[in-house]
Amino acid sequence: MKDTNEMEIIFDSRSENEGFARVAVAAFMTQLNPTVEEVADVKTAVSEAVTNAIIHGYENKIHKVSIRCRIRKKELIVEVTDRGKGIENIEQAMTPLYTSKPELERSGMGFAFMEAFMDTVKVESEPEKGTKVTMKKTIGKGREIWTTQSL
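Cut-offs and rules
Residues numbered from 1 in each chain as written. Predicted model: local features only at pLDDT ≥ 70, side-chain atom pairs only at ≥ 80, totals over all residues. Heavy atoms only, no water. Helix = DSSP H or I, 4+ residues; strand = E, 2+ residues; numbered from the N terminus. Buried < 20%, exposed > 50% of the residue type's maximum accessible area, 1.4 Å probe, protein only. Core = buried A, V, L, I, M, F, W, Y, C linked by side-chain atoms within 4.5 Å. Contact = heavy atoms within 4.5 Å. Pairing = 2+ DSSP bridges. Axes fitted to C-alpha atoms, helices over the stretch in contact; angles between N-to-C directions.

Visitor: How would you explain the overall build of the protein if you had to name every residue and give the values?
Guide: Within the protein, the secondary structure is distributed over five helices and five strands. Taken from N to C terminus, the helices and strands of the protein fall in the order β-α-α-β-β-α-α-β-β-α. In the protein, which comprises 151 residues, the share counted as buried stands at 44%.

Encoded structure:
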């Protein structure tokens, strides 16, 4: 379809690859002509999702993390997937300030940040099978309102 485009990357669950993931998604979304703020929002959300996969999904063991991005018209869809330990209670895990790793001084704000910076966040997980976080953001919403009002 002409209005869609997609990419997928798979990388090792090393903390140093979190920056790579952020930049790769940011580079992919440039075709939507995002604002600096929109890029920063998406990069922050991707960073949180990838960090969760590394620290919580794989518990710092080296396995694979997958990011799949799709663009449909002006909507960016980002899926971050791991095949790690999974989440037993998704609702509890998404509660702000909840962390399953307090000994690592984790803030428990990863999902809250994802929800704050993206339009929607959906988490699918099964214990011992992994987790998929799907995040969506419409790019250009603020500009459309501004340009309409400025006419």
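Next, the rest of the story.
Visitor: Run through the nonpolar core, naming residues and quoting values.
Guide: One finds Val46, Ile67, Leu76, Val78 and Met135 to be the most contacted residues of the largest nonpolar core, which totals 37 residues. Counting residues per element, this core draws most heavily on helix H2 (residues 36–57), which supplies eight residues. Apart from the residues within four sequence positions on either side, Leu76 is in contact with Phe28, Met29, Leu32, Val42, Cys69, Arg70, Ile71, Met135, Lys136, Lys137 and Ile139.

Visitor: So, the sheet that holds strand S4 (residues 120–126): which residues are in play, and what are the values?
Guide: Strand order in this open sheet of five strands is S1-S2-S3-S5-S4, and the pairing throughout is antiparallel. Here the strands that pair on one side only, and so sit at the sheet edges, are strand S1 (4–12) and S4. Taking the axes of each pair of neighbouring strands and ignoring which way they run, one obtains an average angle of 10° across the sheet. Bridge analysis of strand S2 (residues 64–72) against strand S3 (residues 75–82) gives eight bridges, and the strand direction is antiparallel. Within the sheet, the bridge partner assigned to Ile71 lies in S3 and is Leu76. Each of S1, S2, S3 and strand S5 (130–138) is contacted by H2, which is oriented at about 175° to S5, the strand it contacts most. Set on the sheet, helix H4 (residues 110–117) makes contact with S4 and S5; between it and S5 the angle comes to about 25°.

Remember, this is a structural readout, not a statement about activity or role.
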